[in-house]
Amino acid sequence: MLKRGTGRAEALRDKINKANAVRARVLDEVKFFRSWAQNPLRTGAITPSGPELAAKMASYLAPRPHSRVVELGPGTGVVTKALFDRGFSHQNLNLIEYSPDFCDLLSLRYPGLPIVQGDAYALRTSLSEQGGFLSDEEDDAHSLDGIVSSLPLLTRPEPARRALLKEAFELLKPGAPFIQFSYGLVAPVKPESRAISVYSSEWIWKNLPPARVWVYRKGH
């Protein structure tokens, strides 16, 4: 009887956990849609990135004890979770999020994680805020090990996209990746220099809508 009762309790617990996971995802999608409806040019997507896309983005980064990785536009934290699953810790990450609602959600979901409410298109300025990687840096050039971005780049003018990538490479170590997903058929930012390499992943068909990951690197 004990084994049968224990099995039923575990099955019930499993059902509750699955129901809670579904509920949390639905609530995230509602928050994401509300943010998109209020400012579609800032949010870009109607729903959060799927776990497969998030895992693919994180796969291009290798966690090391003193790694410094910046996530742009984390939203509800799907890619953030993939970075933790990849092996990164709180001290390895800085998040820059424009929406105060998403900042509050991320603070509740990941207590103690450095989250900067700021503009990713003013990257150096945002990272110089309290808690940012560059807040105590006199020389901030080439000090980051990676940038992973969920920004809706295609909603911004091409000069703004180019400026973001340029500033990113001023802060990234030589060869460190700038990782961006896109629903488009072509690279979201066309490199201005042959010194910048661009790699595209295969389509992530399980994502809604399907997306690809673009990885930019620059040697110095």
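Position labels on residues start from 1 in each chain and follow its written sequence. For a predicted model such as this one, the threshold for reporting local features is a pLDDT of at least 70, and the threshold for listing and counting side-chain atom pairs is 80 or more; totals across whole chains, interfaces and linings nevertheless cover every residue. Heavy atoms throughout the structure, all of them, feed into the side-chain values; hydrogens and water do not.

**Brief notes about the overall build of the protein**
Logical step 1: Helix and strand counts for the protein stand at seven helices and seven strands.
Logical step 2: In this description, contact between two residues means that some pair of their heavy atoms is separated by no more than 4.5 Å. Within the protein, residue pairs in contact and separated by at least 24 positions form 68% of the contacts whose partners lie at least 6 positions apart.
Logical step 3: To be clear on the numbers: accessible area is Shrake-Rupley with a 1.4 Å probe, and residue cover counts the displayed protein chains and nothing else. Accessible area for the protein stands at about 12100 Å²; split by element, carbon and sulfur atoms hold 56% of it. The helix count covers DSSP runs of H or I at least four residues long, the strand count covers runs of E at least two residues long, and both are numbered beginning at the N terminus.

**Section: the pattern of salt bridges**
Logical step 1: Whenever a carboxyl oxygen of Asp or Glu lies within 4 Å of a side-chain nitrogen of Lys or Arg, that contact is scored as a salt bridge. Per the stated rule, a full pass over the model turns up nine salt bridges.
Logical step 2: Residues Arg-124 and Asp-140 are paired through a salt bridge, measuring 3.0 Å at the closest nitrogen-oxygen approach. Residue Arg-124 is located in helix α6 (residues 123-127), and its partner Asp-140 is located in the loop between α6 and β4 (146-149); the two are separated by 16 residues in the primary sequence.
Logical step 3: The buried label goes to any residue with under 20% of its type's maximum accessible area, the exposed label to any with over 50%, and the partly exposed label to all in between, with areas taken from a 1.4 Å probe on protein chains only. Given a relative accessible area of 16%, Asp-140 falls into the buried group.
Logical step 4: Several salt bridges share partner residues, and in doing so they unite Arg-124, Asp-140, Lys-166, Glu-167 and Glu-170 into one network.

**Quick notes on the packing of helix α3 (residues 51-58) against helix α4 (residues 78-86)**
Logical step 1: Following both chains from N to C, one finds α3 and α4 inclined at 50°, their axes separated by 8 Å at the closest point. One way to sum up the angle between α3 and α4 is to call them oblique. In this structure, α3 meets α4 at a crossing whose hand is right-handed. Here α3 contributes Pro-51, Ala-54, Ala-55, Met-57 and Ala-58 to the contact with α4, which in turn contributes Val-78, Val-79, Ala-82, Leu-83 and Arg-86.
Logical step 2: Following the grouping adopted for this structure description, the nonpolar residues are Ala, Val, Leu, Ile, Met, Phe, Trp, Tyr, Cys and Pro, the charged ones are Asp, Glu, Lys and Arg, and the polar ones are all others, Gly among them. For the contact of α3 with α4, the class distribution of residues is nine nonpolar, no polar and one charged. Here an angle of 0 to 180 degrees is reported between the N-to-C directions of two axes, which are lines fitted to C-alpha atoms, with helices fitted over the stretch in contact. Angles are sorted into four bins: roughly parallel if under 35 degrees, roughly antiparallel if over 145, roughly perpendicular if 65 to 115, and oblique for all others. Crossings are assigned a handedness: left-handed for a near helix turned anticlockwise from the far helix by less than a right angle, right-handed for a clockwise turn.

**Quick word on helix α5 (residues 100-109)**
Logical step 1: All buried positions along α5 are accounted for by Phe-102, Cys-103, Leu-105 and Leu-106. Looking straight down α5, one finds that the buried residues subtend no more than 165° of arc, so they occupy a single side. For α5, exposure combined with an orientation more than 90 degrees from the buried face picks out Asp-101, Asp-104 and Leu-108. Note that the arc is defined by the directions from the helix axis to the C-beta atoms.

**Details of helix α7 (residues 158-171)**
Logical step 1: With 14 residues, α7 should cover 20 Å at 1.5 Å per step; its first-to-last C-alpha distance of 20 Å lies within 8% of that length.
Logical step 2: Listed as buried for α7 are Arg-161, Leu-164, Leu-165, Glu-167, Ala-168, Phe-169 and Leu-171.
Logical step 3: Where α7 is buried, its residues contact β1 (69-72), α6, β4, β5 (178-182), β6 (196-200) and β7 (212-218). Expected span of a helix, by definition, is 1.5 Å for each gap between consecutive residues, and there is one gap fewer than residues.

**Concerning the nonpolar core**
Logical step 1: Counting residues in each nonpolar core, the largest one holds 26 residues, and the members touching the most others are Leu-72, Ile-147 and Phe-178.
Logical step 2: Of all the secondary-structure elements, those providing two or more residues to this core are β1, α6, α7 and β7.
Logical step 3: When residues in this core are grouped by element, the largest group, five residues, is from α7.
Logical step 4: Apart from the residues within four sequence positions on either side, Leu-72 is in contact with Ile-96, Ala-120, Leu-123, Ile-147, Val-148, Ser-149, Ser-150, Leu-151, Leu-164 and Phe-178. Here the nonpolar core consists of buried residues drawn from Ala, Val, Leu, Ile, Met, Phe, Trp, Tyr and Cys, with membership extended through side-chain atoms lying within 4.5 Å.

**Regarding the environment of Leu-171**
Logical step 1: With respect to the secondary-structure elements, Leu-171 resides in helix α7.
Logical step 2: Sequence separation of Leu-171 and Asp-139 is 32 residues, and the distance between their C-alpha atoms is 9.9 Å.
Logical step 3: Dropping the residues within four chain positions of it, Leu-171 is found in contact with Leu-123, Arg-124, Leu-127, Leu-134, Asp-140, Ala-141, His-142, Ser-143 and Leu-144.

**A short note on unusual backbone geometry**
Most of the time, phi is negative for any residue but glycine, and the peptide bond is trans.
Logical step 1: Cis geometry marks the peptide bond from Leu-208 to Pro-209, where omega comes out at -5°.
Logical step 2: At His-142, a residue that is not glycine, the phi angle is positive and equals roughly 55°.
Logical step 3: Relative to the elements of secondary structure, His-142 occurs in the loop between α6 and β4.

**Quick notes on the side chain of Gln-180**
Logical step 1: The residue Gln-180 is located in strand β5 in this model.
Logical step 2: Polar contacts, as counted here, are pairs of nitrogen or oxygen atoms within 3.5 Å of one another; within protein the pair requires one atom able to donate a hydrogen and one able to accept it, and residues that are adjacent in sequence qualify only if both atoms are side-chain atoms. Side-chain polar atoms of Gln-180 contact the backbone oxygen of Leu-151, separated by 2.8 Å.
Logical step 3: Setting aside residues no more than four positions away along its own chain, Gln-180 makes contact with Ser-149, Ser-150, Leu-151, Leu-153, Pro-188, Arg-212, Val-213 and Trp-214.

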